[in-house]
Amino acid sequence: MWKRLPLYVKILIGMALGIIAGMLAVYFGLTKFTTDWIKPWGVIFLNLLKLIAVPLIFVSLVKGISSLSNISKLSRIGIKTILLYVISTVIAVSFGLLLVNNFEPGNTFPEHKKTELQERFGSAISLKKDQADYIKEESPLQFLVDVVPDNFFKAATDNTKMLQIIFFAILFGIAMVILEEKKVKVVKDFFDGIDSIILKIIDIIMLFAPYGVFALIAGLIVDFSGDADLFTALGWYAITVVAGLLIMIFIIYPLFLRIFTPIKYTDFYKSISPAQLLAFSTSSSAATLPVTMECVENKMGVSNEVASFVLPVGVTINMDGTSCYQAIAAVFIAQVFGVPLDIYDQLLIVVTATLASIGTPGVPGGSIVMLIIVLTSVGIPIEGLALILGIDRPLDMLRTVVNVTGDATVSTIVAKTEGKLNHNPQVISKKVRS
Ligand code: ASP
């Protein structure tokens, strides 16, 4: 019975049981038992996620960039696509930041609790403060200097140096694109293989997720002694994420379509609704790709030439929902932990969330690992992940819908500007009805 349940149901059950176990532990005075014997399993789960972060980001970025090998042939389409992808991602992150800084869901958390958290996670927070002081003393360009590693292996052994890994991965990918296909064929196949292995490892780690979430939540409740404030804060956090994602779906994409195409957004949404539904139920934009292609080509009328380039690249590098959520999650955690974020930090979040979403694989929970990059580069304690993991799945479902919608929007715009859009609204209504 347990085996047949979908993973997200298991995670939800793990979360519910974790809440109950945590409350019971508080009620029966078993807090030490929970901290000694249950919480470590949550820490192991977090360690596994951290373990896979560096290889994942390196390999998926190299793979994503090197898949643009026909960029010279399709240079115009390629540049347009990437530009639109980056613009929409930056817009998504900016809206996320705007919402989270205004709603301040993490600040519903009482001041004395924050002080308590700061004491508990003091080392991580003081590291962050040291970093901030260091930045103030250095040249304004220090953040750029810090992005360029002088030793790849040194960067790879330090989870706080993810940006350096990203930098090297981009350099590596670009070199692969420039080089002749036959020279890099072996390396490409190698990275394809490693990518499959890493995705499999994530699958395996996620099998442990229900238990990890159980332990994390139980530990968290004990730490917070059944504190209702945390749950209020989490509720506000979820509302903020949903608001950001709905803004993308109902305001930003329709605006994009309006500016660049004559297509009515109701037609657009009718055409791609099967892909959106699948994205919602699978939480995987990669798994949804075949249906997205079908909808975009057959119902929207985007040519195969455009769709077969723009959509696969989008699945790899364009994740607007993910980037919006990462920005909100990072600032929320910072607010709960009382970590001050200045304008540099917010800009760094725009950059890292954009890059991290590029490196996020289109699989369920793909961005959780990547969120570590955003958190560590801005100096936010990654223990904060424990706060949001429990309610991640429903948010993942919605952000995957945004990811897929973003890809479909960009492919429609690129097709229109290239004269490769053969859009016939009557066909849509007939096909959607059938
Ligand atoms: N599940 C998302 C996708 O497949 C990625 C994520 O945000 O976790 O697009």
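Computed from a predicted model, the values in this text were never measured in an experiment.

> Sorry if this is basic, but what is going on with the site of the ligand here?
Surveying the vicinity of the ligand reveals 16 residues, the closest of which are S285, T322, D396, R399 and N403. In this structure, an oxygen atom belonging to the ligand sits 2.6 Å away from a side-chain N or O atom of S285. S367 is positioned such that a nitrogen or oxygen atom in its backbone is 2.9 Å from an oxygen atom of the ligand. Summarising the interface, the protein chains cover 100% of the accessible area of the ligand, which totals 270 Å² for the free molecule. With respect to the detected pockets, the ligand is housed in the largest cavity. Only α17 (366–378) and α19 (392–417) provide two or more residues apiece to the shell around the ligand.

> I keep staring at the side chain of D407 and nothing clicks. Help me out?
Looking at the element boundaries, D407 is found in helix α19. The side chain of D407 sits in the buried core without any salt bridge; R399 is the nearest counter-charge, 13 Å away. With residues up to four places along the chain from it excluded, the contact list for D407 reads Y85, L311, G314, V315 and N318.

> Help me understand helix α15 (residues 320–337) in this model?
Since one α-helical turn is 3.6 residues long, residues separated by three or four positions face the same way. Here α15 contains 18 residues, and its C-alpha end-to-end distance of 26 Å stays within 8% of the 26 Å for a straight helix at 1.5 Å per residue. The buried fraction of α15 amounts to 18 of the 18 residues, a majority that puts the element mostly inside the structure. A positive backbone phi angle near 65 degrees is found at G338, which sits one or two residues after α15.

> I'm lost on the packing of helix α12 (residues 265–282) against α19 in this one. Help?
When two helices pack together, their arrangement is given by the angle between the helix axes and the distance between those axes. Between α12 and α19, the shortest axis-to-axis distance is 8 Å and the interhelical angle comes to 145 degrees. Every pair of crossing elements has a handedness; the one defined by α12 and α19 is right-handed. Between α12 and α19, the residues in contact are F268, Y269, I272, A275, Q276, A279, F280, S281 and T282 and R393, M397, L398, T400, V401, V404, T405, A408, T409 and T412, respectively. Residues that form the contact of α12 with α19 fall into these classes: 11 nonpolar, seven polar and one charged.

> I would appreciate a short explanation of the pattern of salt bridges in the present structure.
If the charged atoms of two oppositely charged side chains come close together, the side chains can form a pair. Taken as a whole and judged by the stated rule, the model has eight salt bridges. A salt bridge links K80 to E418; its shortest N-O distance comes to 2.5 Å. Of this pair, K80 sits in helix α3 (residues 75–103) while E418 is found in the loop between α19 and α20 (425–433), placing the two residues 338 residues apart along the sequence. The partner of K185 in a salt bridge is D189, with the nearest N and O atoms 2.8 Å apart. Within this pair, K185 and its partner D189 are both found in helix α9 (residues 181–207), separated by four residues, close to a single helical turn.

> Got a minute to help me understand the nonpolar core in this structure?
In a soluble, globular protein the nonpolar side chains are often hidden away together inside. Counting residues in each nonpolar core, the largest one holds 122 residues, and the members touching the most others are Y237, F332, I349 and I388. Among the elements that take part in this core, helix α11 (residues 228–260) stands out by supplying 13 residues, more than any other.

> Hey, could you run me through the packing of aromatic side chains in this one?
Geometrically, a pair of aromatic rings is defined through the distance of the ring centres and the angle of the planes. Overall, the coordinates contain 16 aromatic pairs when judged by the stated rule. Ring geometry for F58 and F168: centres 5.9 Å apart, planes at 10 degrees, overall stacked. Linking F58 in helix α2 (residues 31–66) with F168 in helix α8 (residues 162–178), this pair joins segments that are 110 residues apart in sequence. The class of F58 is buried, set by a relative accessible area of 12%. With centroids separated by 6.3 Å and ring planes inclined at 55 degrees, the aromatic side chains of F256 and F260 adopt a geometry described as tilted. In this pair, F256 and F260 are both assigned in helix α11, four residues apart and thus about one turn of the helix distant. Among the aromatic residues, those joined into a cluster by ring pairs are F58, F152, F153, F168, F172, F190 and F191. The ring centre of Y325 lies 3.8 Å from the NZ or CZ of R399, which sits over that ring.

> Sorry if this is basic, but what is going on with empty space enclosed by the protein here?
If you roll a probe as big as a water molecule over the atoms, it shows you where there is empty space left. Under the counting rule described, the total for this entry stands at three cavities of 30 Å³ or more. Counting residues per element, the ones that place at least two in the lining of the largest cavity are α17 and α19. Grouping the amino acids of the lining of the largest cavity by side-chain chemistry returns three nonpolar, nine polar and two charged.

> How should I be thinking about the environment of E297 in this particular structure?
Among the secondary structure elements, E297 is positioned in helix α13 (residues 285–300). Remark: the alpha-carbon pair of E297 and L421, spanning 124 residues in sequence, is separated by 9.0 Å. Those residues in contact with E297, other than ones at most four positions away along the chain, are V302, S303, N304 and A307.

> Help me out: how do you make sense of the environment of V302 in this one?
With respect to the helices and strands, the residue V302 is situated in the loop between α13 and α14 (304–317). Considering only alpha carbons, one finds V302 and I413, 111 residues apart in sequence, at a separation of 9.2 Å. Those residues in contact with V302 that sit more than four places away from it in its chain are V296, E297, A307, S411, T412, A415, K420 and L421.

> How should I be thinking about unusual backbone geometry in this particular structure?
Trans peptide bonds make up the majority, and among non-glycine residues the majority have a negative phi. A positive phi angle is found at E104, which is not glycine, with a value near 45 degrees. Of note, E104 is situated in the loop between α3 and α4 (111–120). A relative accessible area of 34% places E104 in the partly exposed class.

About the cut-offs
Residues numbered from 1 in each chain as written. Predicted model: local features only at pLDDT ≥ 70, side-chain atom pairs only at ≥ 80, totals over all residues. Heavy atoms only, no water. Near = heavy atom within 4 Å. Polar contact = N/O pair within 3.5 Å; in protein donor to acceptor, adjacent residues only side chain to side chain. Areas by Shrake-Rupley, 256 points an atom, 1.4 Å probe, with all protein chains shown as cover. 1 Å grid on protein atoms, 1.4 Å probe; cavity = no way out; pocket = protein on both sides within 12 Å on 5 of 7 lines; lining within 4 Å. Sits in = over half its atoms within 2 Å of the grid points. Helix = DSSP H or I, 4+ residues; strand = E, 2+ residues; numbered from the N terminus. Buried < 20%, exposed > 50% of the residue type's maximum accessible area, 1.4 Å probe, protein only. Lys, Arg positive; Asp, Glu negative; His and termini not counted. Salt bridge = Lys/Arg side-chain N within 4 Å of Asp/Glu carboxyl O. Contact = heavy atoms within 4.5 Å. Expected span 1.5 Å × (residues − 1). Axes fitted to C-alpha atoms, helices over the stretch in contact; angles between N-to-C directions. Left-handed = near helix turned anticlockwise from the far one by under 90°. Nonpolar A, V, L, I, M, F, W, Y, C, P; charged D, E, K, R; others polar. Core = buried A, V, L, I, M, F, W, Y, C linked by side-chain atoms within 4.5 Å. Phe/Tyr/Trp six-rings, centres within 6.5 Å; stacked < 30°, edge-to-face > 60°. Lys NZ or Arg CZ within 6 Å of the ring centre and 35° of its normal. Points joined across faces, edges and corners; volume = space filled by probe spheres on them.

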